[in-house]
Amino acid sequence: MKLSGRMAQLGTETAFEVLARANALAAQGKSVINLGIGQPDFPTPGHIVEAGRQALADGYHGYTPANGIPELRAAVAADIHRRHGADVDPDHIVCVPGGKVTMAFAMLMFGEAGAEIMYPDPGFPIYRSMIEFSGATAVPIRLHEANGFSFSADEVLAQITGRTRLIILNSPANPTGGVVPRSEIDRLVEGLERHPDVAIMSDEIYSCMTYDGLDHVTLLDYPSIRDRLIVLDGWSKTYAMTGWRLGWGLWPANLAPLAGKLAVNTHSCVNAATQFAGIAALQGLQDAVQEMVAAFDTRRTRMVALLNDMPGVSCVMPKGAFYAFPNITGTGLDSATMQDRLLQETGVAAIAGTSFGRFGEGYLRFSCASSIGNIEEAMARMKAWLLENSGAN
Ligand code: PLP
């Protein structure tokens, strides 16, 4: 067997590996608290589940249009209008099995040998993996802890070359919980006006999760780049629907048919019942979303306070998403060692910052998608362990 060279370029998401190790330890009887995996710990709201069940009972068992049933795309367009005040054409929306698929399609459209694609670092690991899989060169955009894990617009603009095809942005962000201030986005967009051939993919999958009264800033607010903007969002995080596999991409007019063609060539369509569940999610009451976000808000505040009370650890307050990304350099331990030893010796599963890129060295990612009780117990175990093992004592 001779595989294509690109298979060697494919990375992965360490969160799934840590989950497997945590489960294996739990199966041996060890008490494990998993703050590793990035998915809401809430069930999908009942009315959404019911809509999916009803669609199956009503006989929706076949293929649908590759880009999604028209009712779903109309519901997405209405939701975009409700949340962002933007008017979009439902024909420019392509519904796919999860946010990751929009990401993969964008890399396949723009990536090839000789091209450069920029991505946030520390950032969602699939960006770099898929960029390299496409054959393109992955160029990291460094995020700065001192600026709440925002990028610097000037640094991004300075990295643009004649080979830059696509810039990936993600706010609110995984793994840092960082939210890029509007002023920095203004500055970036102003600079991008001088680079009309560079496309932008804005991953806004955590757009419903901002805290401290902050409003989400969508790239849809910037008309000057709308003809080269791809927006990625979906249901996984907002409606606790990670296992249903449903996301949407909003594409420029000329790219939407190409995204539809990639769908035909890969998965044909999202499963029909899930699409009906997606409509119910967007059109139904949003109180379950608000309750979940309020719970994440309380938990992140508690977690960050407890992290900041540990020797050698400091943690900036995440302004969005549901992660905390503490700086652990004061402990004298590197990220991978800390991840492994914490899991093995205390049963607390977290993810090494280096899983999210080389600028993640010196950090750990904790998910706040767990009960306050779990968070307090995990933080207590970690503090006790650091008091014994960290170089900060
Ligand atoms: N984008 C970011 C920043 C994420 O953190 C994730 C999931 O963790 C995704 C996209 C993918 O979401 P989905 O499960 O809908 O594919």
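Scroll up to find the structure.
Residues numbered from 1 in each chain as written. Predicted model: local features only at pLDDT ≥ 70, side-chain atom pairs only at ≥ 80, totals over all residues. Heavy atoms only, no water.

## What about the pairing of strand S7 (residues 229-234)?
For step 1, the next point in the chain: In terms of residue burial, S7 counts as a mostly covered element, since six of its six residues are buried.
For step 2, the next point in the chain: Burial along S7 is two-sided: the face carrying Leu 229, Val 231 and Asp 233 and the face carrying Ile 230, Leu 232 and Gly 234 are both buried.
For step 3, the next point in the chain: Pairing of strand S6 (residues 199-203) with S7 involves four bridges; the strand directions are parallel. Bridge pairing links Met 201 to Ile 230 in S7.
For step 4, the next point in the chain: Looking at chain direction, S7 and strand S8 (residues 247-250) are connected through four bridges and run antiparallel. The residue bridging Val 231 from the neighbouring strand is Leu 250, located in S8. (Buried < 20%, exposed > 50% of the residue type's maximum accessible area, 1.4 Å probe, protein only. Helix = DSSP H or I, 4+ residues; strand = E, 2+ residues; numbered from the N terminus. Pairing = 2+ DSSP bridges.)

## Side note on unusual backbone geometry
For step 1, the next point in the chain: Cis geometry is adopted by the peptide bond preceding Pro 172, which originates at Ser 171 and carries an omega value of -10°.
For step 2, the next point in the chain: Mapped onto the elements, Pro 172 comes out in the loop between strand S5 (164-170) and helix H7 (182-192).
For step 3, the next point in the chain: In this structure, Pro 175 follows Asn 174 across a cis peptide bond, with omega equal to 10°.
For step 4, the next point in the chain: Structurally, the position occupied by Pro 175 is in the loop between S5 and H7.
For step 5, the next point in the chain: The phi dihedral of Ala 240 falls on the positive side, at around 50°, and the residue is not glycine.
For step 6, the next point in the chain: Relative to the elements of secondary structure, Ala 240 occurs in the loop between S7 and S8.
For step 7, the next point in the chain: The phi dihedral of Ser 268 falls on the positive side, at around 70°, and the residue is not glycine.
For step 8, the next point in the chain: Structurally, Ser 268 is set in the loop between helix H8 (256-266) and helix H9 (272-283).

## Things to note about the sheet that holds strand S4 (residues 137-142)
For step 1, the next point in the chain: If you trace the seven strands from one edge of the open sheet to the other, you get S2-S8-S7-S6-S5-S3-S4, paired in mixed fashion. Pairing within the sheet leaves two strands with one partner each, and these edge strands are strand S2 (93-96) and S4. Each strand axis lies, on average, 20° off the axis of its neighbour in the sheet, ignoring direction.
For step 2, the next point in the chain: Sheet strands touched by helix H4 (residues 99-110): S2, strand S3 (116-121), S5, S6, S7 and S8. Its angle to S7, the strand with the most contacts, is close to 160°. (Axes fitted to C-alpha atoms, helices over the stretch in contact; angles between N-to-C directions. Contact = heavy atoms within 4.5 Å.)

The values reported here are purely geometric and, on their own, carry no functional implication.
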